[in-house]
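If you want the building blocks of each chain, they are given just below.
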Amino acid sequence: MRRLVEEFLVAFQFLTRLPISRVPYREDSLSRSTKFFPIVGLAIGLCACLLQYVLALHLNRPLVALLVLTFLVLATGGLHEDALADTGDAFGGGRDRKQVLAILRDSRIGSFGALTLVLSVLARFQLLSVLPLNHFVHCVVSAHVLCRWTTLPLSLFLRPAREGDGQGMRIAHKISPGSLFVGTLLSLAIVLYLMRTEFWIPVLVTVVITTLSGFYYFRRIGGVTGDCFGATNQLTEIAVYFCGVWSA
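Not measured: the values here are computed from a predicted model.

Draft legend 1. How the structure looks around the overall build of the protein. For the protein, the count of helices and strands is twelve helices and zero strands. The N-to-C order of helical and strand elements in the protein reads α-α-α-α-α-α-α-α-α-α-α-α. Relative to the 2.2 N^0.38 estimate, which gives 18 Å for 248 residues, the radius of gyration of the protein is 17 Å and therefore close to what a compact globule would have. Along the first, second and third principal axes, the C-alpha set of the protein runs to 50 × 45 × 35 Å. Considering the protein as a whole, with its 248 residues, one finds that 49% of them fall into the buried category.

Structure representation (structure tokens):
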């Protein structure tokens, strides 16, 4: 039980900037904690919905959407946004595997990364602004649960694209089928509870995005990096918001 609690806390430490008590470091702590990534998404999604509910009593929808989006970025320290920008630069500007991996290591942001990041922020802002209020909680929480679930299958089936340090190297091809099973069960239970009979729509979209992005990463660089995980996360979040707007 103590080990499970440590893994639970590690998941929050890695994915958020919330003030979580530090736990003893273990070599496999991060890879074992991935099964709790959907729970982190649940917590962040619920906090965002609570913020939206409070602000909606006093402010207009666009301003509320901007503040909710700001909270989401601050809560994660821009972790996934940074990954998306790096991935946009690398795959947009890199001609071959070696060049893509070299750009992924570069901390500077280029034109492809800037454009990718701007489009991502604008898409989420617009979708949060028009998402029907009666579907807001269901859609936002489901999006944050499912987008964090995507790391599990990617890290189970794909190897690290390069050797060396990096958070992605501590996860890629190092999680167990059991962690994928537990994480999937938790994700499906949450989304089914929230979405009821329509739960299959965001789940199907998430599986499609995860599969296609995984094949793309494998074809271009032979595996995944930490930035790849973050990019798929962001694409999934946007897609699930879009499903909520489309089906409303």
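Draft legend 2. The arrangement of the packing of aromatic side chains in detail. Scanning the entire structure with this criterion turns up seven aromatic pairs. Measuring from centroid to centroid gives 6.1 Å for Phe-14 and Phe-37, while their planes differ by 20 degrees, and the two rings are stacked. Linking Phe-14 in helix 1 (residues 2-15) with Phe-37 in helix 3 (residues 37-55), this pair joins segments that are 23 residues apart in sequence. Their ring planes at 35 degrees and their centres at 5.8 Å tell us that Phe-91 and Tyr-217 sit as a pair that is tilted. You can see Phe-91 sitting in helix 5 (residues 79-93) and its partner Tyr-217 sitting in helix 11 (residues 200-221), a full 126 residues away along the chain. The residues Phe-91 and Tyr-217 share a single accessibility class, namely buried. Taken together through their ring pairs, the aromatic side chains of Phe-8, Phe-12 and Phe-36 make up a single cluster.

Draft legend 3. Here's a closer look at the state of the cysteines. In total, this model carries zero disulfides according to the counting rule given. Here Cys-147 is not cross-linked by a disulfide; its sulfur's nearest cysteine counterpart is in Cys-139, at 11 Å.

Reading guide: rules and limits
Residues numbered from 1 in each chain as written. Predicted model: local features only at pLDDT ≥ 70, side-chain atom pairs only at ≥ 80, totals over all residues. Heavy atoms only, no water. Helix = DSSP H or I, 4+ residues; strand = E, 2+ residues; numbered from the N terminus. Rg over C-alpha atoms; globule rule 2.2 N^0.38 Å. Buried < 20%, exposed > 50% of the residue type's maximum accessible area, 1.4 Å probe, protein only. Phe/Tyr/Trp six-rings, centres within 6.5 Å; stacked < 30°, edge-to-face > 60°. Disulfide = S-S within 2.5 Å.

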